[in-house]
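These are the residues of each chain, in order.
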Amino acid sequence: MKRISALIFVLLIAISAFSSCKGDEKTVTLNVYNWGEYISDGSDGSFNTNKEFENYFNRFLSEKYGGIKVKVNYTTYPTNEDMYSKLVSGSGSYDVVFPSDYMIEKLISEDILIPLPWSNLKSESNFHTIDTDYISQPYDPDNLYTVAYTFGRTGIIYNTTMVDEEDIDGSWGLLWNPKYSGRILQFNNPRDAFGTAMYWKDIDINSDDEEDWNEALRILKDQKQYLQGYVNDEIFDKMTGESAAIAPYFVGDFVTMYSENDNLAFYYPEEGTNVFVDAMCIPTSSKNPEIALEYINFMLSPDAAIANALFLGYASPSRYVYNDDPLLDEIYGEYNSEYMESLAFDYFLDAEDEENPTEEELKVAEEKADSIFNLLYNYEDPGNYSHEILFYRNFTPEIQRHVNSLWEELKIHGTEELWVHITSAVLVGTILIFAIYSAVVKKKRSKDYRMRDKALKVTKSGNSN
Amino acid sequence: MRKYAWRIYMAIIFAILYIPILTLIVFSFNDSASTADFTGFSLDWYRELFSSAETFTALRNTLILAVLSSLISTVIGTAAAEGIYKMKNKLVRKSVISVTNIPMMNPEIVTGMSMMLFFVAVAGFLRVEYETIGFWAMLIAHVTFCLPYVILSVLPRINELGDSLSEAALDLGCTPLQAFFKVKLPNIMPGVISGMTMAFTLSLDDFVISYFVGSSNFQTLPLLIYSMTKKKVTPDMYALSTLIVFAVFVLLVISNMKKDKNSPKRHGGRKR
Amino acid sequence: MHSIAAAPHIFWAVLFIVLPLLIVLFYAFTDKAGSFSIWNIVALGDYMPIFLTSIELAVIATFICLVIGYPLAYAIARSKPEHQKIFILMLMLPMWTNLLIRTYSIMALLDDGGFVNSVLMKLFGTDEPVLHIIGTKGAVIFGMVYDFLPYMVLPIYTCVSKIDKHMWEAASDLGCSPVKVMTKVILPLSSSGIISGVTMVLVPCISTFYISQKLGGGTFELIGDTIERQFLNGARNIGAAISLVMMILILISLAIMNKFTDADGEDGGIIV
């Protein structure tokens, strides 16, 4: 009986815990759906963006929205495609999502995003803090649906102790260098993987021609023999742990890796490279688009923008982080230097005594921060490329299907390991032979028994006679 | 001599089985975020673990789900086992059992996917967002895959017990309900408890089915871990696993010390 | 209490097991617009190599599990009763750390720059990784064996521990050599444990998608990966078709295997 009452007690606790988060009609839950590890979350004493937003909203904006309180429900996804499948499956209502450029285009064309209700905003708009380079982009020319959150480029990360200097030629070709066979990584998603081959061989990355894609597949098949694997975010461990020597990846993530292992280096290939923007949007399933926009607007505030730029390592379009307009220096200048200082101290300061670093240690950290800052913000575009060419655009359904089937082909290509076939064939063969043998033995035996029984009966009846 | 050979063999297998877990425990105390290089001892990752609201919500969700689904599946499953035992028609009995076993035989990925398609259809039918039924979808899915395990651990007990006791109770003036609760249930309790424990474990650890059925507003621990391993596993997840292993270890030891007094003969494990 | 007690369960099973599977069937035989089509099934021809690889790897992993697991189960069952319990607990404890975390820690351990390699590299004094494991099919098989070994050992142990000790003595008194005792008495008597162990390992091995992603380095796909990817790309119909075929394959092979145990059971199971 004791046990049962204990169970009931547990049940009651569980139910009350569950209902406590659902009750209270005046609390609105804001569903924020973001990439994994893509927001400053309060770990390591950093700025807890979601908590700060709740406090800010509940204190200053609650009244303007009729006294409601906000609770942020923050969940994460690993890829654009995961997010897309959740949005279209209708499995869930989301208020703020963070898709990338080509995905934004797709979502807009499928009517999954709503225009941002700027006119209903009840706090002061921070939209002007977005650098002009990151508004009116091809995926959203009139800035109806999106506010840029991060941007960056793909490039090549390599380990300076494992790769010889004379092999660094500033080209995508490094990923095809047989000398580093078994130590090269490649993207594990079709878009970025095909991108590396297409930029290298100067094929249009947004081509409508299936032949172009077939050509890229041929190049990628050539590469497969040199690869250690197709990876996504496993790359962090593989590059910082020195399991691999060369990998293509996003510059923002390189910053994180570099802060853990300074043998790593990065360059933008001269043949041109992909530019991406991840932007904040509100999907149609949002129940509180006004509050969602308040959240987006909050993300543009100086505290949030700087904290997130630092936490992610990705470049931020906010002028609070980087301002290249001297006329605006007076407003943003102090924030810029705040960002730089934190970058040096939080990321690159490697001191014996964290509290009192030596002059030398400080200098190294600042130099590292400077070089990273230049990598993030002050790159030069190679050749005559414009953003237009460097963005991934949304595929037509036909090309999408074609690319998917090519990707499957690439995955199957050259993975034959003979011993697998032989071993499994031997095993299956043995099992079959054994099964047949035991079936035969059994049949024979039961026949024998029957004969014996018969014989027994005959002798018995004979005896009785 | 032969005895030592067995010992050595067991030691080797257990060592291999435990090396990854030991490294996990060791690296949860690592000074840096590396999972390959031990740079120094610190409790930072435990501190970080306890300061992360996301982890706590996920942990709470996981526990709520595990408690509710194990209770519900135990109630339905125990009743079902009794019902199946009483079934006279052999064909009906056999077909009920085989339908019950489907979630156990089927690959998890198929079960998860079929459930997801089903609940999307239900949400469409009710004209509501998936999210509003999200928690219930998850709960129903978990109960469904726990049910066969409960039935499988209760049914043998009922078979073993037979009818004589409850018939005696009926003769002595019990109503059928009383006979079940006062006489039968206490006797099959060990089976019920082990079924419930199994259901609790399965629900707690389930990833594949939750991955397909899950919705935005109800993230469980395995789902959180999955979205993290896609990025980079920081040792705070190692710290969490260390705590879980430790808690389970203590629980198992306590429950076994207790069990020693009651019944010395019982084999753990998932039986089929 | 009559068989009516099973009613809630039957209702549950029909609604949440049978109906979702029918929905999978529906998706497998329709196109995106919802009209009947067999093209999803026809298109499966392209996935034959993936099916083949999945089955091959699963068969090898299951076989290794059996070869390693049987002696382990046997050794546990033959040890002292008070030790048995401890060994079983030790076997179950790793299952309490999340499968994702366990797999991830294997990856961190065996990677080219991982813990094992860095120790070996120091030992041999080279800069090149000594063991290149991650990214091969061998690594995936290792991961499967590691993650699912307890599922093989537990049912076999349950079975072996129930075998009467006198059986052994009787057989050797009647002139059997130890090897013959093993093959003619113990193995056949534990065949039901072997069969359920094999199913419990084979099914998750065929359908896994996490292990191959982490340990296979993404250089090849298993059928679980393909299903997951189809769903992420929104190609539900083809995903449903692949799962349907996989489900049917697995259910058929399980039915065949169960046939073997049934037949054995009816014949008394012992071939002397």
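Residues numbered from 1 in each chain as written. Chains lettered and ligands numbered in written order. Predicted model: local features only at pLDDT ≥ 70, side-chain atom pairs only at ≥ 80, totals over all residues.

Turning our eyes to something else, we now look at the overall build of chain B. From N to C terminus, chain B includes 11 helices and 0 strands. In chain B, the succession of α and β elements from N to C terminus is α-α-α-α-α-α-α-α-α-α-α. If one aligns the C-alpha atoms of chain B with their principal axes, the spans along those axes are about 75 × 70 × 30 Å. Among the 272 residues that make up chain B, the fraction classed as buried is 47%. Sequence separation of 24 or more characterises 75% of the internal contacts of chain B that already satisfy a separation of 6 or more. (Helix = DSSP H or I, 4+ residues; strand = E, 2+ residues; numbered from the N terminus. Buried ≥ 20, exposed ≤ 12 C-beta atoms within 10 Å, placed from the backbone. Contact = placed C-beta atoms within 7 Å.)

Looking only at helices and strands, chain C has 13 helices and 0 strands in total. N-terminal to C-terminal, the α/β element order of chain C is α-α-α-α-α-α-α-α-α-α-α-α-α. Expressed as lengths along the three principal axes of its C-alpha atoms, the size of chain C is roughly 70 × 70 × 35 Å. Here chain C, with 272 residues, has 52% of them falling under the buried criterion. Look at the contacts in chain C between residues 6 or more apart in sequence, and 72% of them connect residues 24 or more apart.

Residues and elements named next belong to chain B. According to the domain assignment, chain B consists of domain 1 (1-42) and domain 2 (55-262). Inter-centroid distance (C-alpha atoms) of domain 1 to domain 2 is 32 Å. On the side of domain 2, 8 residues touch domain 1, which itself brings 8 residues to the contact. Looking at the side of domain 1 that touches domain 2, its residues break down into 5 nonpolar, 3 polar and no charged. (Domains from an automatic or database assignment. Nonpolar A, V, L, I, M, F, W, Y, C, P; charged D, E, K, R; others polar.)

This next bit is on the confidence of the model for chain B. When pLDDT is averaged along chain B, the result is 84; 91% of the residues meet or exceed 70. Note on residues 263-272 of chain B: pLDDT under 50 across the span, and 19 contacts to partners over four residues away in sequence or across chains. (pLDDT = per-residue confidence, 0-100.)

Moving on: the confidence of the model for chain C. Residues and elements named next belong to chain C. Residue-level pLDDT values for chain C average 84, and 94% of them are 70 or greater. Below pLDDT 50 for its whole length, residues 263-272 participates in 11 contacts with residues either more than four positions away or in separate chains. Reported confidence for the predicted complex is 0.83 by ipTM and 0.81 by pTM.

Time to look at unusual backbone geometry. Residue and element names in this part refer to chain A. The backbone of Ser136 sits at a positive phi, close to 55 degrees, despite the residue not being glycine. Relative to the helices and strands, Ser136 is located in the loop between α4 (101-109) and β4 (147-159). Among the residues examined, Ser136 registers 10 C-beta atoms within 10 Å and is labelled exposed. Phi at Asn143 is positive, roughly 55 degrees, even though this residue is not glycine.

As a further point, take the domain arrangement of chain C. Residues and elements named next belong to chain C. Segmentation of chain C into domains returns domain 1 (1-37) and domain 2 (44-266). Each partner contributes to the interface: domain 1 provides 7 residues, whereas domain 2 provides 6 residues. Of the residues that constitute the side of domain 1 that touches domain 2, the class distribution is 4 nonpolar, 1 polar and 2 charged.

Residue and element names in this part refer to chain A. Judged by pairing direction, the sheet is parallel, and its 3 strands sit side by side in the order β2-β1-β3 without closing on themselves. Across the chains shown, the open sheet's two edge strands, defined by having one partner strand only, are β2 (69-77) and β3 (96-97). Two strands pair when backbone bridges link them, and strand β1 (residues 27-35) and β2 are joined in this way by 9 bridges, in the parallel orientation. In the strand pairing of β2, Thr29 is matched with Lys71. Across the face of the sheet, helix α9 (residues 289-299) comes into contact with β1, β2 and β3 while running at roughly 50 degrees to β1. (Pairing = 2+ DSSP bridges. Axes fitted to C-alpha atoms, helices over the stretch in contact; angles between N-to-C directions.)

Moving on, we come to the interface of chain C and chain B. Counting residues at the interface gives 69 residues for chain C, matched by 65 residues for chain B. In terms of residue count, helix α1 (residues 7-28) of chain C provides more of the side of chain C that touches chain B than any other element does, 15 residues in total. A per-class count over the side of chain C that touches chain B returns 51 nonpolar, 16 polar and 2 charged.

Further remarks concern the packing of helix α11 (residues 329-348) of chain A against helix α12 (residues 359-377) of chain A. A pair of packed helices is characterised by two quantities: the angle between their axes and the separation of those axes. All names here are of chain A. Relative to each other, α11 and α12 sit at 115 degrees, their axes nearing to 8 Å. Classified by chirality, the crossing of α12 by α11 is right-handed. Touching Met340, Leu343, Ala344, Phe345, Tyr347 and Phe348 of α11 are Ala365, Glu366, Lys368, Ala369, Ile372 and Phe373, all from α12. (Left-handed = near helix turned anticlockwise from the far one by under 90°.)

In this model, helix α6 (residues 134-161) of chain B (28 residues) spans 40 Å end to end at C-alpha, consistent with the 40 Å of a helix rising 1.5 Å per residue. Within α6(B), 20 of the 28 residues are buried, which leaves it mostly tucked inside the rest of the structure. (Expected span 1.5 Å × (residues − 1).)

Another point: the pairing of strand β6 (residues 227-231) of chain A. Residue and element names in this part refer to chain A. For β6, the tally of buried residues reaches 5 of 5 residues, placing the bulk of the element in the interior. One ladder, built from 4 bridges, connects strand β5 (residues 184-187) with β6; its direction is parallel. Following the sheet pairing, Ile184 is matched in β6 by Leu227.

Residues and elements named next belong to chain C. Turning to its location among the elements, Ser54 is positioned in helix α3 (residues 48-78). Residue classification places Ser54 among the buried residues on the basis of 25 C-beta atoms within 10 Å. Measuring from C-alpha to C-alpha, the distance between Ser54 and Ile223 comes to 6.1 Å, with 169 residues separating the pair along the chain. Setting aside its immediate chain neighbours within four residues, Ser54 contacts Ile206, Leu222 and Ile223.

Attention now goes to the environment of A:Glu210. Within the fold, A:Glu210 resides in helix α6 (residues 210-224). In the structure, A:Glu210 is positioned 151 residues away from A:Arg59 in sequence and 56 Å away in space, judged by C-alpha atoms.

This part covers the packing of α3(C) against helix α7 (residues 137-162) of chain C. All names here are of chain C. For the pair α3 and α7, the least separation of the axes is 6 Å and the interaxial angle reads 40 degrees. Our classification of the angle between α3 and α7 gives oblique. The element α3 and its partner α7 pack so that their crossing is right-handed. Across the contact of α3 with α7, the residue classes tally to 24 nonpolar, 2 polar and 1 charged. (Parallel < 35°, antiparallel > 145°, perpendicular 65-115°, else oblique.)

Before going further, it helps to examine helix α10 (residues 302-312) of chain A. Residue and element names in this part refer to chain A. With 9 of 11 residues buried, α10 lies mostly within the body of the structure. Those residues of α10 that sit buried are Ala304, Ala305, Ile306, Ala307, Asn308, Ala309, Leu310, Phe311 and Leu312. On the buried face of α10, the contacting elements are α2 (49-61), β4, α8 (251-260), α9 and α11. Downstream of α10 by a residue or two, Gly313 has a phi angle that is positive, lying close to 85 degrees.

Right, let's talk about the environment of A:Tyr180 for a bit. Residue and element names in this part refer to chain A. As for its position among the elements, Tyr180 is in the loop between β4 and β5. Judged by C-beta crowding, with 21 C-beta atoms within 10 Å, Tyr180 ranks as buried. A C-alpha to C-alpha distance of 21 Å links Tyr180 and Leu217, two positions 37 residues apart in sequence. If near-sequence neighbours (up to four positions away) are discounted, Tyr180 is found in contact with Val163, Ala245 and Ile246.

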